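Results of the structural survey
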Amino acid sequence: MEDGYKYKGRRKRLIDLLREKGIRDQKVLEAMMAVPRHFFFPRDFADEAYEDKAFPIGEGQTISQPYTVAFQTELLQVKPGDRILEIGTGSGYQAAILSRLGAEVHTIERIESLFRKTTSLLQDLGYPAACYLGDGSKGLPAKSPFKGIVVTAGAGALAEGLKEQLAVGGRLVIPVGDRHIQKMVLIERLVENNYQRSEHGDFRFVPLVGKHGWSS
Ligand code: SAM
(Lines give C-alpha, C1' and ligand atoms only; values in the text may rest on other atoms or scores of the structure.)
Protein backbone atom coordinates (compact mmCIF):
# COMPACT_ATOMS: atom_id res chain seq x y z
CA MET A 1 0.00 0.00 0.00
CA GLU A 2 1.14 3.54 -0.77
CA ASP A 3 1.55 6.47 1.60
CA GLY A 4 1.27 9.41 -0.79
CA TYR A 5 0.52 13.13 -0.35
CA LYS A 6 -3.22 12.51 -0.13
CA TYR A 7 -2.86 10.38 3.01
CA LYS A 8 -0.10 12.52 4.54
CA GLY A 9 -2.30 15.60 4.16
CA ARG A 10 -5.24 13.88 5.82
CA ARG A 11 -2.98 12.61 8.59
CA LYS A 12 -1.69 16.12 9.24
CA ARG A 13 -5.29 17.37 9.62
CA LEU A 14 -6.02 14.51 12.02
CA ILE A 15 -2.98 15.41 14.14
CA ASP A 16 -4.12 19.06 14.24
CA LEU A 17 -7.52 17.84 15.44
CA LEU A 18 -5.95 15.69 18.18
CA ARG A 19 -3.98 18.74 19.34
CA GLU A 20 -7.22 20.79 19.41
CA LYS A 21 -8.86 18.03 21.46
CA GLY A 22 -6.14 18.36 24.10
CA ILE A 23 -3.33 15.93 23.21
CA ARG A 24 -0.15 17.74 24.24
CA ASP A 25 2.66 15.16 24.08
CA GLN A 26 4.65 16.15 21.00
CA LYS A 27 6.32 12.74 20.76
CA VAL A 28 2.93 11.00 20.65
CA LEU A 29 1.68 13.41 17.96
CA GLU A 30 4.89 12.87 15.94
CA ALA A 31 4.55 9.09 16.17
CA MET A 32 0.94 9.32 14.99
CA MET A 33 2.04 11.55 12.12
CA ALA A 34 4.71 9.02 11.16
CA VAL A 35 2.62 5.82 11.23
CA PRO A 36 0.21 5.48 8.27
CA ARG A 37 -3.09 4.46 9.93
CA HIS A 38 -4.58 3.38 6.60
CA PHE A 39 -2.07 0.48 6.47
CA PHE A 40 -4.00 -1.02 9.40
CA PHE A 41 -7.42 -0.67 7.73
CA PRO A 42 -9.25 -3.13 5.52
CA ARG A 43 -7.87 -2.21 2.05
CA ASP A 44 -11.20 -1.04 0.57
CA PHE A 45 -11.75 1.44 3.40
CA ALA A 46 -8.34 3.15 3.49
CA ASP A 47 -9.97 6.49 2.65
CA GLU A 48 -11.75 6.45 6.02
CA ALA A 49 -8.56 5.97 8.04
CA TYR A 50 -8.06 9.65 8.94
CA GLU A 51 -11.46 10.27 10.47
CA ASP A 52 -11.30 10.44 14.27
CA LYS A 53 -13.37 7.28 14.59
CA ALA A 54 -13.04 3.63 15.54
CA PHE A 55 -13.54 1.27 12.58
CA PRO A 56 -14.41 -2.45 12.23
CA ILE A 57 -11.48 -4.78 11.50
CA GLY A 58 -13.42 -8.06 11.41
CA GLU A 59 -14.33 -10.67 14.07
CA GLY A 60 -16.57 -8.04 15.71
CA GLN A 61 -13.48 -6.01 16.74
CA THR A 62 -12.32 -2.47 15.98
CA ILE A 63 -9.23 -0.34 15.47
CA SER A 64 -9.53 2.25 18.26
CA GLN A 65 -10.40 5.89 17.59
CA PRO A 66 -7.21 7.95 17.01
CA TYR A 67 -8.05 10.24 19.95
CA THR A 68 -8.28 7.18 22.22
CA VAL A 69 -4.93 5.83 20.99
CA ALA A 70 -3.32 9.24 21.55
CA PHE A 71 -4.91 9.61 25.00
CA GLN A 72 -3.86 6.17 26.24
CA THR A 73 -0.35 6.57 24.83
CA GLU A 74 0.04 10.00 26.43
CA LEU A 75 -1.01 8.57 29.81
CA LEU A 76 1.59 5.80 29.48
CA GLN A 77 4.49 8.31 29.19
CA VAL A 78 6.59 5.96 27.06
CA LYS A 79 10.35 6.45 26.89
CA PRO A 80 12.69 4.77 24.37
CA GLY A 81 13.68 1.31 25.59
CA ASP A 82 10.71 0.93 27.96
CA ARG A 83 9.21 -2.54 27.98
CA ILE A 84 5.51 -2.10 27.27
CA LEU A 85 2.70 -4.68 27.22
CA GLU A 86 -0.36 -4.03 25.09
CA ILE A 87 -3.41 -6.20 25.78
CA GLY A 88 -5.61 -6.38 22.67
CA THR A 89 -3.41 -6.25 19.55
CA GLY A 90 -6.36 -5.91 17.16
CA SER A 91 -5.17 -4.20 13.96
CA GLY A 92 -1.64 -3.60 15.31
CA TYR A 93 -1.91 0.20 15.03
CA GLN A 94 -1.36 0.92 18.74
CA ALA A 95 1.58 -1.51 18.76
CA ALA A 96 3.10 0.34 15.78
CA ILE A 97 2.77 3.69 17.61
CA LEU A 98 4.49 2.24 20.70
CA SER A 99 7.21 0.77 18.53
CA ARG A 100 7.70 4.13 16.77
CA LEU A 101 8.17 5.71 20.23
CA GLY A 102 11.10 3.34 20.75
CA ALA A 103 9.43 1.00 23.22
CA GLU A 104 10.15 -2.71 23.45
CA VAL A 105 6.64 -3.82 22.55
CA HIS A 106 4.90 -7.01 23.68
CA THR A 107 1.33 -7.35 22.48
CA ILE A 108 -1.25 -10.06 23.08
CA GLU A 109 -4.44 -10.91 21.17
CA ARG A 110 -7.03 -13.61 21.92
CA ILE A 111 -8.49 -14.03 18.41
CA GLU A 112 -6.27 -16.25 16.28
CA SER A 113 -7.15 -14.79 12.85
CA LEU A 114 -6.34 -11.24 14.04
CA PHE A 115 -3.17 -12.45 15.74
CA ARG A 116 -1.92 -14.12 12.52
CA LYS A 117 -2.80 -11.25 10.21
CA THR A 118 -1.38 -8.55 12.49
CA THR A 119 1.81 -10.42 13.35
CA SER A 120 2.76 -10.57 9.67
CA LEU A 121 1.59 -7.00 8.97
CA LEU A 122 3.75 -5.54 11.76
CA GLN A 123 6.69 -7.56 10.53
CA ASP A 124 6.17 -6.52 6.89
CA LEU A 125 5.91 -2.85 7.87
CA GLY A 126 9.05 -3.06 10.01
CA TYR A 127 7.54 -2.31 13.42
CA PRO A 128 9.28 -4.64 15.86
CA ALA A 129 6.77 -6.08 18.30
CA ALA A 130 6.62 -9.47 19.99
CA CYS A 131 3.11 -10.79 19.29
CA TYR A 132 1.41 -13.43 21.44
CA LEU A 133 -1.82 -15.38 21.07
CA GLY A 134 -3.71 -15.83 24.32
CA ASP A 135 -5.78 -14.38 27.13
CA GLY A 136 -4.19 -11.04 27.96
CA SER A 137 -6.48 -10.46 30.94
CA LYS A 138 -3.86 -12.45 32.87
CA GLY A 139 -1.08 -10.20 31.56
CA LEU A 140 2.19 -11.75 30.47
CA PRO A 141 3.99 -12.72 33.71
CA ALA A 142 6.88 -14.41 31.85
CA LYS A 143 7.96 -11.06 30.36
CA SER A 144 7.20 -8.86 33.38
CA PRO A 145 7.98 -6.41 34.87
CA PHE A 146 6.71 -3.77 32.42
CA LYS A 147 7.24 0.00 32.50
CA GLY A 148 3.80 0.31 30.97
CA ILE A 149 0.73 -1.84 30.38
CA VAL A 150 -2.03 -0.59 28.11
CA VAL A 151 -5.32 -2.45 27.87
CA THR A 152 -7.18 -1.62 24.66
CA ALA A 153 -10.43 -3.45 25.52
CA GLY A 154 -12.94 -2.60 28.23
CA ALA A 155 -12.54 -4.46 31.55
CA GLY A 156 -15.37 -5.02 34.04
CA ALA A 157 -12.98 -4.65 36.96
CA LEU A 158 -9.32 -3.94 37.51
CA ALA A 159 -7.45 -7.23 37.05
CA GLU A 160 -5.27 -7.14 40.17
CA GLY A 161 -2.66 -9.45 38.63
CA LEU A 162 -1.80 -6.77 36.06
CA LYS A 163 -0.71 -4.30 38.75
CA GLU A 164 1.82 -6.81 40.03
CA GLN A 165 3.38 -7.05 36.55
CA LEU A 166 4.33 -3.36 36.65
CA ALA A 167 7.89 -2.30 37.41
CA VAL A 168 8.26 0.21 40.25
CA GLY A 169 7.58 3.54 38.55
CA GLY A 170 5.46 1.75 35.93
CA ARG A 171 2.01 2.80 34.67
CA LEU A 172 -1.06 0.71 33.85
CA VAL A 173 -3.72 2.30 31.62
CA ILE A 174 -6.99 0.34 31.60
CA PRO A 175 -10.58 1.21 30.72
CA VAL A 176 -12.84 -0.09 33.51
CA GLY A 177 -16.63 -0.07 33.56
CA ASP A 178 -19.57 -1.98 32.14
CA ARG A 179 -19.94 -3.46 28.66
CA HIS A 180 -20.98 -0.10 27.19
CA ILE A 181 -18.93 2.64 28.83
CA GLN A 182 -15.69 2.71 30.79
CA LYS A 183 -13.57 5.14 32.81
CA MET A 184 -9.95 5.40 31.76
CA VAL A 185 -8.06 4.32 34.87
CA LEU A 186 -4.36 4.99 35.46
CA ILE A 187 -2.55 2.94 38.08
CA GLU A 188 0.97 4.06 38.98
CA ARG A 189 3.24 1.75 40.97
CA LEU A 190 4.98 4.29 43.21
CA VAL A 191 7.01 1.85 45.30
CA GLU A 192 6.91 -1.93 45.75
CA ASN A 193 3.60 -2.07 47.61
CA ASN A 194 2.10 1.34 46.96
CA TYR A 195 -0.12 2.07 43.95
CA GLN A 196 -1.89 5.30 43.05
CA ARG A 197 -5.15 5.25 41.08
CA SER A 198 -6.63 8.10 39.06
CA GLU A 199 -9.51 8.36 36.55
CA HIS A 200 -9.37 10.18 33.22
CA GLY A 201 -12.78 10.41 31.59
CA ASP A 202 -15.24 8.17 29.78
CA PHE A 203 -14.46 5.94 26.78
CA ARG A 204 -16.14 3.15 24.87
CA PHE A 205 -14.28 -0.07 24.03
CA VAL A 206 -15.15 -3.56 22.84
CA PRO A 207 -15.09 -5.91 25.87
CA LEU A 208 -11.99 -7.50 27.37
CA VAL A 209 -12.93 -11.19 27.21
CA GLY A 210 -11.13 -13.75 29.36
CA LYS A 211 -10.40 -15.14 32.80
CA HIS A 212 -10.22 -11.65 34.34
CA GLY A 213 -12.60 -10.08 31.82
CA TRP A 214 -16.09 -10.68 30.46
CA SER A 215 -17.31 -14.06 29.26
CA SER A 216 -17.59 -14.13 25.46
N1 SAM B 1 -5.14 -1.84 20.05
C2 SAM B 1 -5.97 -2.23 18.95
C3 SAM B 1 -5.61 -1.54 17.67
O4 SAM B 1 -4.71 -0.69 17.68
O5 SAM B 1 -6.21 -1.89 16.65
C6 SAM B 1 -7.42 -2.05 19.28
C7 SAM B 1 -8.02 -3.32 19.51
S8 SAM B 1 -9.72 -3.58 19.77
C9 SAM B 1 -10.38 -2.09 20.40
C10 SAM B 1 -9.57 -4.63 21.21
C11 SAM B 1 -8.89 -5.97 20.96
O12 SAM B 1 -8.76 -6.63 22.21
C13 SAM B 1 -9.66 -6.90 20.03
O14 SAM B 1 -8.84 -7.29 18.96
C15 SAM B 1 -10.00 -8.09 20.95
O16 SAM B 1 -10.04 -9.34 20.29
C17 SAM B 1 -8.87 -8.00 21.96
N18 SAM B 1 -9.14 -8.68 23.24
C19 SAM B 1 -10.27 -8.72 23.98
N20 SAM B 1 -10.08 -9.44 25.09
C21 SAM B 1 -8.78 -9.86 25.06
C22 SAM B 1 -7.98 -10.66 25.94
N23 SAM B 1 -8.43 -11.17 27.08
N24 SAM B 1 -6.69 -10.89 25.58
C25 SAM B 1 -6.18 -10.39 24.43
N26 SAM B 1 -6.90 -9.65 23.55
C27 SAM B 1 -8.19 -9.39 23.87
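Quick summary incoming for the structure in this document. (Residues numbered from 1 in each chain as written. Predicted model: local features only at pLDDT ≥ 70, side-chain atom pairs only at ≥ 80, totals over all residues. Heavy atoms only, no water.)

**Considerations on the pattern of salt bridges**
Summed over the entire model, instances satisfying the criterion amount to 14 salt bridges. Here Arg197 ties to Glu199 by a salt bridge, and the two come within 3.2 Å at their closest N and O atoms. Judged by relative accessible area, Arg197 falls into the partly exposed class, the value being 47%. You can call Glu199 partly exposed: its relative accessible area is 45%. The network of salt bridges with common partners includes Lys6, Arg10 and Asp47. (Salt bridge = Lys/Arg side-chain N within 4 Å of Asp/Glu carboxyl O. Buried < 20%, exposed > 50% of the residue type's maximum accessible area, 1.4 Å probe, protein only.)

**Looking at the site of the ligand**
Near the ligand there are 27 residues, and of these Glu86, Ser91, Glu109, Gly136 and Val209 occur at the shortest range. With respect to the ligand, the side chain of Glu86 contributes an N or O atom lying 2.7 Å from a nitrogen atom. Here Asp135 contributes a side-chain N or O atom positioned 2.9 Å from a nitrogen atom of the ligand. Within the residue set of the shell around the ligand, elements represented by two or more residues are strand E2 (61-63), helix H4 (93-100) and strand E4 (104-109). A class-by-class count of the residues in the shell around the ligand yields 10 nonpolar, 13 polar and four charged. (Near = heavy atom within 4 Å. Polar contact = N/O pair within 3.5 Å; in protein donor to acceptor, adjacent residues only side chain to side chain. Helix = DSSP H or I, 4+ residues; strand = E, 2+ residues; numbered from the N terminus. Nonpolar A, V, L, I, M, F, W, Y, C, P; charged D, E, K, R; others polar.)

**Regarding the packing of helix H1 (residues 5-20) against helix H2 (residues 26-34)**
Any two packed helices are characterised by the angle at which their axes cross and by the distance between the axes. The geometry of H1 relative to H2 is characterised by a closest axis approach of 9 Å and an angle of 155° between their N-to-C directions. Viewed along their axes, H1 and H2 adopt a mutual orientation that is roughly antiparallel. The chirality of how H1 crosses H2 is right-handed. Residues Lys8, Arg11, Lys12, Ile15, Leu18 and Arg19 of H1 form the contact with H2, whose participating residues are Gln26, Leu29, Met32, Met33 and Ala34. (Axes fitted to C-alpha atoms, helices over the stretch in contact; angles between N-to-C directions. Parallel < 35°, antiparallel > 145°, perpendicular 65-115°, else oblique. Left-handed = near helix turned anticlockwise from the far one by under 90°. Contact = heavy atoms within 4.5 Å.)

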